[in-house]
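Listed here are the chains, written in short residue letters.
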Amino acid sequence: MPSDVIAYDRVVELPDYSAARRAVEMLGAERFPVENLRIVGIGVESVEQVTGRTSLASEVARHAATGGWLGLFTGLMFAFFTTATPSKVIVAGTIIGAAFGAVRGAVARLGGKSFDSVVATRSCSYELQAVSGLVEEAKRILRV
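So, a few notes on the structure that sits alongside this text. (Residues numbered from 1 in each chain as written. Predicted model: local features only at pLDDT ≥ 70, side-chain atom pairs only at ≥ 80, totals over all residues. Heavy atoms only, no water.)

## Thoughts on the overall build of the protein
Along the protein, the regular secondary structure elements total 4 helices and 3 strands. For the protein, the α and β elements follow one another from N to C terminus as β-α-β-α-α-β-α. The globule rule puts the C-alpha radius of gyration for 144 residues at 15 Å, and the 26 Å found for the protein is more than 25% above it. When its C-alpha atoms are laid out on the principal axes, the protein stretches across 70 × 40 × 30 Å. Looking at the protein as a whole, 27% of its 144 residues are labelled buried. Within the protein, contacts between residues separated by at least 24 positions form 85% of all contacts whose residues are at least 6 apart in sequence. For the protein, the computed accessible surface area is about 9,800 Å², with 61% contributed by carbon and sulfur atoms. On the protein, the mean spot of the 15 positive side-chain charges and the mean spot of the 14 negative ones are 10 Å from each other. (Helix = DSSP H or I, 4+ residues; strand = E, 2+ residues; numbered from the N terminus. Rg over C-alpha atoms; globule rule 2.2 N^0.38 Å. Buried < 20%, exposed > 50% of the residue type's maximum accessible area, 1.4 Å probe, protein only. Contact = heavy atoms within 4.5 Å. Areas by Shrake-Rupley, 256 points an atom, 1.4 Å probe, with all protein chains shown as cover. Lys, Arg positive; Asp, Glu negative; His and termini not counted. Charge placed at Lys NZ, Arg CZ, Asp CG, Glu CD.)

## A short note on helix H3 (residues 86–110)
Counted at 1.5 Å a residue, the expected span for H3 with its 25 residues is 36 Å, and the 36 Å between its end C-alpha atoms agrees. Looking at H3, one finds that the buried residues are Val89, Gly93, Gly97, Gly101, Ala102, Gly105 and Arg109. Contacts from the buried residues of H3 go to helix H2 (56–80). (Expected span 1.5 Å × (residues − 1).)

## Re the packing of H2 against H3
Across the interface, H2 lies against H3 with an axial gap of 5 Å and an inter-helix angle of 150°. Judged on the interaxial angle alone, H3 and H2 are roughly antiparallel. The chirality of how H2 crosses H3 is right-handed. Here the contact of H2 with H3 is built from residues that sort into 14 nonpolar, 10 polar and 3 charged. (Axes fitted to C-alpha atoms, helices over the stretch in contact; angles between N-to-C directions. Parallel < 35°, antiparallel > 145°, perpendicular 65-115°, else oblique. Left-handed = near helix turned anticlockwise from the far one by under 90°. Nonpolar A, V, L, I, M, F, W, Y, C, P; charged D, E, K, R; others polar.)

## With respect to the packing of aromatic side chains
Where two aromatic rings form a pair, the distance of their centres and the angle of their planes describe that pair. Inspection of the entire model under this criterion finds 1 aromatic pair. Note on tyrosine 17 and tyrosine 126: the rings are 5.6 Å apart at their centroids and 65° apart in plane angle, and the pair reads as edge-to-face. Highlighted residues: tyrosine 17 in helix H1 (residues 17–29) and tyrosine 126 in strand E3 (residues 115–131), separated in sequence by 109 residues. (Phe/Tyr/Trp six-rings, centres within 6.5 Å; stacked < 30°, edge-to-face > 60°.)

## Let's talk about unusual backbone geometry
Notably, arginine 31 is not glycine yet its phi reads approximately 65°, a positive angle. Along the chain, the position of arginine 31 falls in the loop between H1 and strand E2 (37–53). Backbone geometry at arginine 143 places phi at a positive 60°, although glycine is not the residue there. By secondary structure assignment, the location of arginine 143 is in the segment after helix H4 (135–142). Residue classification places arginine 143 among the exposed positions, given a relative accessible area of 76%.

## A few points about the sheet that holds E2
If you trace the 3 strands from one edge of the open sheet to the other, you get E1-E3-E2, paired in antiparallel fashion. A strand with exactly one partner marks an edge of an open sheet, and here the two such strands are strand E1 (8–14) and E2. With strand direction ignored, the average angle separating the axes of adjacent strands in the sheet is 35°. Bridge count between E1 and E3: 6 bridges; the pairing is antiparallel. Each bridged residue has a counterpart across the sheet, and for tyrosine 8 the counterpart in E3 is valine 131. Against the sheet, H1 contacts E1, E2 and E3, and its axis sits at roughly 150° relative to E2. Seen against the sheet, H4 touches E1 and E3 and runs at an angle of roughly 20° to E1. (Pairing = 2+ DSSP bridges.)

As far as function goes, none of this settles anything; it's purely spatial.
So, in structure tokens, the structure goes:
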């Protein structure tokens, strides 16, 4: 192992991130050099929380709004570099963006899921690790 690589070893495995933070706080309160610790997520799980149903109309409206904002931004950029009336370029960009967004929303809804959801990736558990020479002191303080 190269000399500039610091070796860490396991102190304790904890069920969630807040428990790992509390362990670090406890060690810090006992004047343990917390800069020699790290919290490592172990295992990965993907959790998709369903937030509700969607309809074709709601998908079209949501994507049209997003497309409209993108079209507005694009229209503003083009307005700086055109000889046409800036307001016409901005309005045209917004309308075209909204139209493309609406089509995209319809295609997405008809070809896929009928619900909204939020996806989160998180660790299954957390391991508190310390620089190799400090593991036993950390275990003593945490009583593990």
